[in-house]
Amino acid sequence: MNNSEIIAKTAAFIRGKFLNEGSGHDWEHIRRVWQTAATLAQHTPAAQVEVVELGALLHDVADWKFHGGDEEAGPRAARQWLASLQAEEATIQQVEAIIREISFKGLGVPTPMSTLEGELVQDADRLDAIGAIGVARAFTYGGHKGRPLHDPAVPPVSHDSFESYKKNTAPTINHFYEKLLHLRERLHTPAARAVAEERHAFMEQFLAQFLREWESADVGPAAIQASE
Ligand code: ADP
Ligand code: NI
């Protein structure tokens, strides 16, 4: 099977698996990451496009977040799938590495990617975690896990180990301070950094407005008071 057939079959496999996923890791997330990563690859001549595309398509195939924290579930599932299509061993190993390395693991935990292809996929995945879509996905995930929107009594923390990050059950607003607001500065490519500017500014605006509304709820919204 040639590379474009492997990519097409992988897209169909992942689409079927994630079409009705309800935690913000649905097929549309994967499709956006695939598209963005492929676009970044077009601007990066040294990147092996097929590795970027397969890495993007398979990056969440068996995410540790939904497999009892098992970090090897993803690489294992990707290897099994790609081997069933007789993909080259070198390609399988590169995709496994992307899946192993891609996730955010806590504010105090560096997550370098060992390959250029991995950097492009990680950038694409992180762009989809910020901006308006990022806000929507964060609350979708929080709702899926039964988390409150916000609790001022629970301050955000900086996780210094993947283990403590995994155990986190804080309100969703905390996730912005513990991860999402820090993604911009962790991007690898100038093209992704440029896209991140507007998305980052939107999240800051969203948080300021959210907290204004939250605080005003205690005394009644300011506009109602002003109209009296
Ligand atoms: P990563 O592998 O870096 O975690 P994913 O592609 O799995 O990236 O996406 C993670 C998505 O899940 C993001 O949109 C993120 O906002 C959301 N998410 C993860 N943990 C939380 C959390 N504790 N609260 C809210 N959203 C979360
Ligand atoms: Ni993802």
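Scope of this entry: the structure provided in the associated data block. (Residues numbered from 1 in each chain as written. Chains lettered and ligands numbered in written order. Predicted model: local features only at pLDDT ≥ 70, side-chain atom pairs only at ≥ 80, totals over all residues. Heavy atoms only, no water.)

Considering the site of ligand 1
Let me state the cut-off plainly: Residues are counted as near a molecule or strand when any one of their heavy atoms sits within 4 Å of it. Under the rule applied, a polar contact is a pair of N or O atoms within 3.5 Å (in protein, one hydrogen donor and one hydrogen acceptor; residues adjacent in sequence only if both atoms are side-chain atoms). Residue exposure ignores everything except the shown protein chains as possible cover, and the areas themselves are Shrake-Rupley values with a 1.4 Å probe. Secondary structure elements follow DSSP: runs of H or I no shorter than four residues count as helices, runs of E no shorter than two count as strands, and numbering proceeds from the N terminus.
Within the structure, ligand 1 sits among 18 residues, and His-25, Lys-65, Ser-103, Phe-104 and Asp-125 are positioned closest to it. Between ligand 1 and the protein, one listed contact pairs an oxygen atom with a side-chain N or O atom of Asp-63 at 3.2 Å. Taking 550 Å² as the accessible area of ligand 1 by itself, protein coverage stands at 96%. Of all elements in the fold, only α7 (131-144) and α9 (172-178) reach the threshold of two or more residues within the shell around ligand 1. Counting residues per element, the shell around ligand 1 draws most heavily on α7, at three residues.

Concerning α7
An α-helical segment advances 3.6 residues per turn. Residues three or four places apart therefore align on the same side. Heads up, the condition is: Under the convention used throughout, the expected extent of a helix is 1.5 Å for every residue step, that is, one less than its residue count. Here the term buried applies to any residue with accessible area under 20% of the maximum for its type, exposed to any over 50%, and partly exposed to those in between, with areas from a 1.4 Å probe on protein chains only. As used here, the arc is the angular range of directions from the helix axis to the C-beta atoms. Note on contacts: a residue pair qualifies if any of its non-hydrogen atoms lie within 4.5 Å across the two residues.
In a regular helix each residue adds 1.5 Å, so 14 residues correspond to 20 Å; α7 covers 20 Å between its end C-alpha atoms and thus fits that length. Regarding α7, the residues found buried are Gly-131, Gly-134, Val-135, Arg-137, Ala-138, Tyr-141 and Gly-142. All buried residues of α7 project into a common sector of 170 degrees when viewed along the axis, lining one side. Among the structural elements, α2 (27-42), α9 and α10 (190-217) are those in contact with the buried residues of α7. In the stretch just after α7, Gly-146 is the one whose phi turns positive, near 70 degrees.

Section: the coordination of the nickel ion (ligand 2)
Note on metal geometry: ideal angles are 109.5 degrees for four donors arranged tetrahedrally and 90 or 180 degrees for six donors arranged octahedrally. Cut-off, in case you're wondering: Atoms of type N, O and S within 2.8 Å of a metal are treated as its donors, and for Na, K and Ca the window is 3.2 Å; water is not considered, so some sites may appear to be missing partners.
Protein-derived ligands of the nickel ion (ligand 2) are His-29 (NE2), His-59 (NE2), Asp-60 (OD) and Asp-125 (OD), with the metal-ligand distances lying across 2.1 to 2.3 Å. Counting the intervening residues between successive donors of the nickel ion (ligand 2) yields the motif H-x29-H-D-x64-D. Taken as a pair, His-29 in helix α2 and His-59 in the loop between α3 (49-58) and α4 (73-84) lie far apart in primary sequence, 30 residues in all. His-29 sits in the buried class, given a relative accessible area of 0%.

Considerations on the pattern of salt bridges
Under the convention used in this document: Only one rule defines a salt bridge in this text: a Lys or Arg side-chain nitrogen within 4 Å of an Asp or Glu carboxyl oxygen.
Under the criterion given, the structure shown has 10 salt bridges. As a salt-bridge pair, Asp-128 and Arg-32 come within 2.6 Å of each other at their nearest N and O atoms. Residue Asp-128 is found in the loop between α6 (116-127) and α7, and its partner Arg-32 is found in helix α2; the two are separated by 96 residues along the sequence. Judged by relative accessible area, Asp-128 falls into the buried class, the value being 5%. Residue class for Arg-32 comes out partly exposed when judged on its relative accessible area of 23%. Between Glu-96 and Arg-79 there is a salt bridge; the shortest N-O distance is 3.0 Å. Of this pair, Glu-96 sits in helix α5 (residues 89-102) while Arg-79 sits in helix α4; the two residues are 17 residues apart in sequence, bridging distant segments of the chain.

So, the packing of α3 against α6
Filter applied, for reference: All axes are obtained by fitting lines to C-alpha atoms, using only the stretch in contact for helices, and the reported angles, taken between N-to-C directions, cover 0 to 180 degrees. These descriptions rest on fixed angle ranges, namely under 35 degrees for roughly parallel, over 145 for roughly antiparallel, 65 to 115 for roughly perpendicular, and the rest for oblique. It is the rotation of the near helix from the far one that decides the hand of a crossing: anticlockwise by less than a right angle makes it left-handed, clockwise makes it right-handed.
The contact between α3 and α6 brings their axes to 9 Å, and the two run at 40 degrees. The angle between the axes of α3 and α6 places the two elements in the oblique class. Every pair of crossing elements has a handedness; the one defined by α3 and α6 is right-handed. Judged by residue contacts, Val-51, Val-52, Gly-55 and Ala-56 of α3 engage Glu-117, Leu-120 and Val-121 from α6.

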